[in-house]
Amino acid sequence: MSLLKLYDKPECPFCWKVRLALHECGMAAERIDSRSPVHRPLWQALTPRKTVPVLLAGDHVIHESNVILEYLADISGRLLPANPADRIQPRQLNVYVDGVIGPALREVIFEKRDKPEAEWDPARIQAGTLAFEKALRYLSEQLGDRDFFADRYSFPECALTARFGLAEAYGVAIPDRFVNLQDWFARMKARPSYRATAP
Ligand SMILES: N[C@@H](CCC(=O)N[C@@H](CS)C(=O)NCC(=O)O)C(=O)O
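Thresholds applied
- Residues numbered from 1 in each chain as written.
- Predicted model: local features only at pLDDT ≥ 70, side-chain atom pairs only at ≥ 80, totals over all residues.
- Heavy atoms only, no water.
- Near = heavy atom within 4 Å.
- Polar contact = N/O pair within 3.5 Å; in protein donor to acceptor, adjacent residues only side chain to side chain.
- Areas by Shrake-Rupley, 256 points an atom, 1.4 Å probe, with all protein chains shown as cover.
- Nonpolar A, V, L, I, M, F, W, Y, C, P; charged D, E, K, R; others polar.
- Buried < 20%, exposed > 50% of the residue type's maximum accessible area, 1.4 Å probe, protein only.
- Helix = DSSP H or I, 4+ residues; strand = E, 2+ residues; numbered from the N terminus.
- Pairing = 2+ DSSP bridges.
- Right-handed = clockwise from strand over helix to strand, strands pointing away.
- Expected span 1.5 Å × (residues − 1).
- Contact = heavy atoms within 4.5 Å.

Going by the annotation in an unreviewed UniProt entry, the name recorded for the protein is Glutathione S-transferase family protein, with Nitrogeniibacter mangrovi given as the source organism.

Considering the site of the ligand
Contacts to the ligand come from Lys9, Cys12, Phe14, Arg40, Trp43, Lys50, Thr51, Val52, Pro53, Glu64 and Ser65. Contacts to the ligand include Arg40, whose side-chain N or O atom sits 3.1 Å from an oxygen atom. One of the backbone nitrogen or oxygen atoms of Val52 is found 2.8 Å away from an oxygen atom of the ligand. When isolated, the ligand has an accessible area of 510 Å², and the protein chains bury 76% of it. Its residues placed into classes, the shell around the ligand shows five nonpolar, two polar and four charged.

What about the pairing of strand β1 (residues 4-8)?
Summarising burial for β1: four of the five residues are buried, a large majority. Examined bridge by bridge, β1 and strand β2 (residues 29-33) share five bridges and lie parallel to one another. From the neighbouring strand, Leu4 faces β2, where its bridge partner is Ala29. Between the parallel elements β1 and β2, the chain passes through helix α1 (residues 13-24) in a crossover that is right-handed. Judged from the four bridges that link them, β1 and strand β3 (residues 54-57) form a sheet pairing that is antiparallel. Residue pairing across strands places Leu4 opposite Ala57, the latter belonging to β3.

Side note on helix α5 (residues 122-143)
A rise of 1.5 Å per residue sets the reference length of α5, with its 22 residues, at 32 Å; its end C-alpha atoms lie 31 Å apart and thus fit the reference within 8%. The inward-facing, buried residues of α5 abut α4 (84-112), α6 (155-169) and α7 (179-190). In this structure Asp121 caps α5, since a side-chain oxygen of it lies 3.0 Å from the backbone nitrogen of Ala123. A positive phi of about 55° marks Gly144, the residue just after α5.

Description of the side chain of Ser34
You can see Ser34 is positioned in the loop between β2 and α2 (40-44). Here Ser34 is in contact with Asp8, Lys9, Arg40, Trp43 and Val52, once residues within four sequence places are set aside.

Quick word on the pairing of strand β4 (residues 60-63)
In terms of strand pairing, β3 meets β4 through four bridges, oriented antiparallel. Of the residues in β4, the one forming a bridge with Leu56 is Val61. Between β3 and β4, which pair antiparallel one after the other, the connecting turn spans two residues, and Gly58 there sits at a positive phi close to 60°.

The following block contains the structure:
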């Protein structure tokens, strides 16, 4: 395969998810910082919604992080269980992480980012933190006492590792009542992919 190029933003959870997926598939990609004034118009011209991540793979321009994950799973044979029926739940969990965990954390991150602490709105931070904690219950139930959400490292590992990494960076902890998620995150952080891809 020709060289992969990733238009990337370090703190973007969708980009981090793709960086994790690439690393876990053993694929190297040239990372291009999408914020660079030189590159910004280039990647924006490649994607109708003007969002990163964007992966260039040979002749293919792939935008939308979940489409990129599907492509990486297709070409690597990794990131999803072998049996189609077993792929349903990791795909659903990936969408849940994007759609429920993401917006909850966004409240905290957007409130704290680029502002002095004296200007933070504690009500917004508390609302985001509570929504995050509420959303963890379903994930904790789905994980149970297993090592991974499916039979191997798969889409939800990529998505949730990035979200938990950002939560930690912005002072949002996984409560002790979700000890299985705490342990899961500790295992994810111990993998080489975490250090290699963290913002
Ligand atoms: N659904 C998209 C969402 C990607 C997204 O929202 N990316 C944000 C950064 S986290 C973005 O590119 N914002 C515009 C910008 O940074 O210029 C995906 O999964 O790839």
